[in-house]
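Residue strings, one per chain:
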Amino acid sequence: MTKKQIDPLERVAAEMKKCVKCGACRAHCPAFSTFQREPATARGKVALAQHLCKGDITLDDGTYSAMSKCLLCGSCVEKCPNQVPTDEIVIAAREALAQRRGLTTFHKAVGQVIKNRKMMNFGALAAAVLGPLFFRKVPATSGLRLRFPMPFLGGSRHIPQIAKKPFMKRHPEVIQGEPGKPRIVFFVGCMTNFVYTEIGEATLALFRHLGCTVIIPKGQQCCGLPGMSGGDLDTVRELAEMNLAAMEAHEADYVMTACATCGGALHKLYPLVVGKRNPELKQRLQALADKTVDAAVLLQKLGLAPEETGAGAGMRITYHDPCHHRTAGITKQPRALLNRTPGLELVEMEGADRCCGLGGTFNVYHYESSLDINASKSAAIIATGADAVVTGCPGCIMQLSDGLKQAGDKTKVLHTVELLARKMRR
């Protein structure tokens with residue numbers, strides 16, 4: 001193994017030593033709950049990473065499989081008595097795997113797409129037109145399933161419709177607000193831009209209601225989390241630099257996102273992962289992180305009055321905490337806004353803060369296990385008798401919708417901002 005190949009693990013070698021192998025992580029790991037094998041636990045992955053760092057074992061298929069069985073949900077980090085950053089260690093191990101074995105075909109394709117906005121726009125348009133035919137009507141006997149063995153082509157997976165016109169193409173770069181009101185850069189995110197455009201429209205409506213100037217930089221790209229999940233840190237760095245340039249080109253008081261995943265990337269993983277690997281970017285990445293704020297947090301801070309903008313008709317709702325919100329302490333703010341919204345009855349579900357099972361590429365490579373993790377979440381939602389489950393992450397919306405439909409349930413899945421802007425969006 002060359003030095004370049006072990007560098008990612010060397011960077012986290014000191015963190016690995018914090019793990020005393022107590023096993024407290026087992027009780028909180030969603031991956032262990034479905035796989036029931038030691039390599040699926042945080043403790044098991046840290047042990048594997050330590051042996052990789054020492055050169056005791058090789059980066060073989062078994063090691064790759066073990067490292068893929070992590071949702072990067074952060075539950076183990078929160079519950080660890082020594083605060084071992086297993087998520088950071090797993091990312092480093094995946095980078096080492098990518099350096100040694102090369103990226104998988106899937107992650108090569110992902111990297112090419114997420115750093116090419118024109119390709120993403122074209123792909124989204126094609127998917128909007130051909131998606132219902134290609135993704136939902138490919139027969140089980142078709143050779144396509146053998147030629148392209150992607151889980152999202154398979155079986156009963158429910159795939160959301162791609163928007164025919166991305167959110168960013170619907171609006172100018174700068175939407176002027178009232179003098180003296182905050183200037184906000186809106187980091188839109190891929191799911192909001194290409195799939196759940198209604199989230200973007202609701203978010204924009206709320207901040208315009210508050211008189212804010214909203215800036216939607218045309219140069220913004222994917223946050224890079226899909227690449228980070230596969231160990232493609234070169235692509236993540238490229239995207240981080242492009243996003244830095246796009247955000248820094250505008251004077252703004254805040255960088256706001258309505259996606260928990262994108263917020264987690266900009267606020268935590270950019271400085272923590274990209275900054276450590278690229279010290280020359282660390283200061284700029286930290287400055288971006290310091291400005292980044294979730295839409296619900298900023299709406300509360302700026303004094304949104306939900307009684308003026310939200311809901312209306314009576315609705316019983318429950319709330320799901322995205323992992324990137326939970327680990328950032330964003331749990332009370334969305335609930336406070338929803339509780340103040342007329343017509344809403346918020347009923348807490350059991351395990352509201354448990355991972356829904358998406359985990360980025362985990363959902364791609366381990367779809368059945370992803371659904372297994374999601375099953376308890378779907379059951380908890382259904383048990384509340386809620387008309388809708390609300391959350392702050394478009395990725396979670398996709399996963400929760402899939403799980404509920406698999407369970408034969410018709411509970412709606414909505415983003416927090418959709419209810420907060422309901423009176424304005426009718």
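Residues numbered from 1 in each chain as written. Predicted model: local features only at pLDDT ≥ 70, side-chain atom pairs only at ≥ 80, totals over all residues. Heavy atoms only, no water.

Student: Teacher, can you tell me more about the sheet that holds strand β8 (residues 388-391) here?
Tutor: For sheets, the rule is that strands pair by backbone hydrogen bonds, running either parallel or antiparallel. Read from one edge of the open sheet, four strands run β7-β6-β8-β9, paired in parallel fashion. In the strand order of this sheet, the two ends are held by β7 (344-346) and β9 (412-415), each with one partner. Ignoring which end each strand starts from, the neighbouring axes of this sheet average 35° apart. Where strand β6 (residues 315-319) meets β7, three bridges bridge the pair, whose relative direction is parallel. (Pairing = 2+ DSSP bridges. Helix = DSSP H or I, 4+ residues; strand = E, 2+ residues; numbered from the N terminus. Axes fitted to C-alpha atoms, helices over the stretch in contact; angles between N-to-C directions.)

Student: How do you make sense of the pairing of strand β2 (residues 183-186) when you look at a structure like this?
Tutor: Residues in a regular strand project their side chains so that they alternate between the two faces of the sheet. The pairing of β2 with strand β3 (residues 213-215) spans three bridges and is classified as parallel. Looking at β3, one finds that Arg183 is bridged to Thr213. Across three bridges, β2 lies against strand β4 (residues 254-257) in parallel orientation. Bridge pairing in β4 links Val185 to Val255.

Student: Looking at this structure, how should I read the side chain of His171?
Tutor: Looking at the secondary structure, you find His171 in the loop between α10 (144-147) and β1 (174-175). Only 3.0 Å separates the side chain of His171 from the side chain of Glu201, close enough to count as a polar contact. Contacts of His171, omitting those with residues within four sequence positions, involve Glu201, Leu204, Ile216 and Lys218. (Polar contact = N/O pair within 3.5 Å; in protein donor to acceptor, adjacent residues only side chain to side chain. Contact = heavy atoms within 4.5 Å.)

Student: Before we go on, may I ask you to explain helix α15 (residues 260-277) in this structure?
Tutor: Since there are 3.6 residues in each turn of an α-helix, residues three or four apart along the chain are aligned in direction. Taking 1.5 Å per residue as the helical rise, α15 with its 18 residues ought to reach 26 Å, and the 23 Å between its terminal C-alpha atoms agrees with that figure. Approximately 60° is the largest bend angle found in α15, and it occurs at Leu269, with the proline Pro271 only one to four residues beyond. Burial runs high along α15: 13 of the 18 residues are buried. (Expected span 1.5 Å × (residues − 1). Bend = angle between axes of the 7 residues up to and from the residue. Buried < 20%, exposed > 50% of the residue type's maximum accessible area, 1.4 Å probe, protein only.)

Student: Looking at this model, I keep getting lost on helix α8 (residues 105-114). Mind explaining?
Tutor: Every buried residue of α8 is listed here: Phe106, His107, Val110, Gly111 and Ile114. Buried residues in α8, looked at end-on, bunch into an arc of 135°, giving them a common side. (Arc of directions from axis to C-beta.)

Student: Sorry, what's going on with the sheet that holds strand β5 (residues 292-294) here?
Tutor: Read across the sheet, five strands follow the order β1-β3-β2-β4-β5 without closing on themselves; strand pairing throughout is mixed. The strands lining the two open edges of the sheet, one partner per strand, are β1 and β5. Note that β1 and β3 share two bridges and pair antiparallel. Across the sheet, residue Val174 finds its bridge partner in β3, namely Ile215. Docked against the sheet, helix α12 (residues 197-209) engages β1, β2, β3 and β4, running at close to 175° with respect to β2. With respect to the sheet, helix α16 (residues 279-291) is in contact with β4 and β5, its orientation differing from that of β5 by roughly 30°.

Student: Help me understand the packing of aromatic side chains, please; the structure alone is not making it clear to me.
Tutor: How two aromatic rings sit relative to each other is set out by the distance from centre to centre and by the angle between their planes. Using the criterion set out here, one finds three aromatic pairs in the structure. A centroid spacing of 6.2 Å and a plane angle of 80° characterise the contact between Phe35 and Phe362, whose relative ring orientation is edge-to-face. With a gap of 327 residues between them, Phe35 in helix α3 (residues 30-35) and Phe362 in helix α21 (residues 361-365) connect regions that are remote in the sequence. Geometrically, the ring pair formed by Phe106 and Tyr365 is edge-to-face, given 5.8 Å between the ring centres and 85° between the ring planes. Of this pair, Phe106 sits in helix α8 while Tyr365 sits in helix α21, placing them 259 residues apart in sequence. Given a relative accessible area of 13%, Phe106 falls into the buried group. For Tyr365, a relative accessible area of 35% translates into the label partly exposed. Here the guanidinium or amino end of Lys69 rests over the ring plane of Phe35, the centre of that ring lying 4.7 Å away. (Phe/Tyr/Trp six-rings, centres within 6.5 Å; stacked < 30°, edge-to-face > 60°. Lys NZ or Arg CZ within 6 Å of the ring centre and 35° of its normal.)

Student: I keep staring at the pattern of salt bridges and nothing clicks. Help me out?
Tutor: Two side chains with opposite charge may pair up if their charged atoms get near one another. Scanning the entire structure with this criterion turns up 19 salt bridges. Glu88 is the salt-bridge partner of Lys276, the closest N and O atoms lying 2.9 Å from each other. Of this pair, Lys276 sits in helix α15 while Glu88 sits in helix α7 (residues 86-101), and the two are 188 residues apart along the sequence. Relative accessible area serves as the criterion here: at 35%, Lys276 is assigned to the partly exposed category. Note that Glu238 and Lys115 form a salt bridge whose closest N and O atoms lie 3.3 Å from each other. Pair noted here: Glu238 is in helix α14 (residues 233-248) and Lys115 is in the loop between α8 and α9 (117-136), with a separation of 123 residues, a long-range link. On the accessibility criterion, Glu238 (36% relative accessible area) is partly exposed. Judged by relative accessible area, Lys115 falls into the partly exposed class, the value being 25%. A network of salt bridges, in which partner residues are shared, links Arg11, Glu95 and Arg277. (Salt bridge = Lys/Arg side-chain N within 4 Å of Asp/Glu carboxyl O.)

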